[in-house]
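# Structural overview
Single-letter residue listing:
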Amino acid sequence: MLEFINSIDSSILLFIQESVRSPFLTPAVTFITSLGNAGIIWIIMSLLLMIPPKTRKIGCMSILALLFSLLINNLLLKNLVRRTRPYDCISALVPLVPKPLDYSFPSGHTGSSFAAAWVMYRSLPKKAGIPVLVLAVLIGLSRLYVGVHYPSDVLTGVLTGILSGYLAERLFCLISKSGTPLDRFLNPEK
């Protein structure tokens, strides 16, 4: 089964390299993928959401979701699975960005993107939530385009990211019912 998944993953990456990559798309896609470096775009957006009292809880939930994603993806799964990067296994695959030093599975860029985007999509008005979700999708797809992740890495990143967002929402739901000073900070209108 694992060999079958690796075969499909490799075929998709080589198809992208041979049929999708273009001089027109590459600068845009490498820029999009760089937005996910260290989760920086999501950290900035979360911190900005923490400023107005009305969106403070959303910003805090998003930061917590990013922390869950870091723990699940980068500290736990990457080190348990230890999947080699695709450019090290597929001799014809040429990465378009500097080679990451950590393991491939799951995609940390995708996990953090979907962790924060899940919270924002579910909590913000749709006119803000939908573009955030689209950005998360683009960052995930960009990891395939630049040749640093397998499709199954990205798909797992989507799932663990959504799980991270869900866990952050559940924890904040419990905090909101607690009446603690943290609850009053997050919900100043109470």
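Rules used throughout
- Residues numbered from 1 in each chain as written.
- Predicted model: local features only at pLDDT ≥ 70, side-chain atom pairs only at ≥ 80, totals over all residues.
- Heavy atoms only, no water.
- Buried < 20%, exposed > 50% of the residue type's maximum accessible area, 1.4 Å probe, protein only.
- Helix = DSSP H or I, 4+ residues; strand = E, 2+ residues; numbered from the N terminus.
- Arc of directions from axis to C-beta.
- Contact = heavy atoms within 4.5 Å.
- Salt bridge = Lys/Arg side-chain N within 4 Å of Asp/Glu carboxyl O.
- 1 Å grid on protein atoms, 1.4 Å probe; cavity = no way out; pocket = protein on both sides within 12 Å on 5 of 7 lines; lining within 4 Å.
- Points joined across faces, edges and corners; volume = space filled by probe spheres on them.
- Nonpolar A, V, L, I, M, F, W, Y, C, P; charged D, E, K, R; others polar.

### Description of helix 3 (residues 40-50)
Buried residues of helix 3: Ile 41, Trp 42, Met 45, Ser 46 and Leu 49, and no others. When helix 3 is viewed along its axis, its buried side chains cluster within an angular range of 130 degrees and face the same direction. The secondary structure elements touched by the buried residues of helix 3 are helix 2 (25-35), helix 4 (56-81), helix 6 (108-123) and helix 7 (126-145).

### What about unusual backbone geometry?
A cis amide bond links Phe 105 to the next residue, Pro 106, at an omega of -10 degrees. For Ala 38, which is not glycine, the phi dihedral falls at a positive 55 degrees. Following the sequence through the fold, Ala 38 ends up in the loop between helix 2 and helix 3. Classification of Ala 38 by relative accessible area gives exposed; the value is 73%. A positive phi angle, close to 55 degrees, is found at Arg 82, a residue other than glycine. Residue classification places Arg 82 among the exposed positions, given a relative accessible area of 52%.

### With respect to the pattern of salt bridges
Applying the stated rule across the entire model yields five salt bridges. Measuring nitrogen to oxygen at the nearest pair gives 2.9 Å for the salt bridge that ties Arg 83 to Asp 9. Of this pair, Arg 83 sits in the loop between helix 4 and helix 5 (86-89) while Asp 9 sits in helix 1 (residues 2-20); the two residues are 74 residues apart in sequence, bridging distant segments of the chain. Taken as a pair, Arg 83 and Asp 9 share a single burial class, namely buried. Using a relative accessible area of 14% as the deciding quantity, one classes Arg 83 as buried.

### Thoughts on the layout of surface pockets
Approximately 490 Å³ is the volume attributed to the largest pocket. Residue lining of the largest pocket: 26 residues in total, with Gly 36, Asn 37, Ala 38, Gly 39 and Asn 74 positioned closest to the centre. Sorting elements by how many residues they give to the lining of the largest pocket places helix 4 first, with seven residues. Tallied by class, residues from the lining of the largest pocket come to nine nonpolar, 13 polar and four charged. Roughly 180 Å³ of volume is contained in the second largest pocket. The element contributing the most residues to the lining of the second largest pocket is helix 1, with four residues. For the lining of the second largest pocket, the class distribution of residues is six nonpolar, four polar and one charged.

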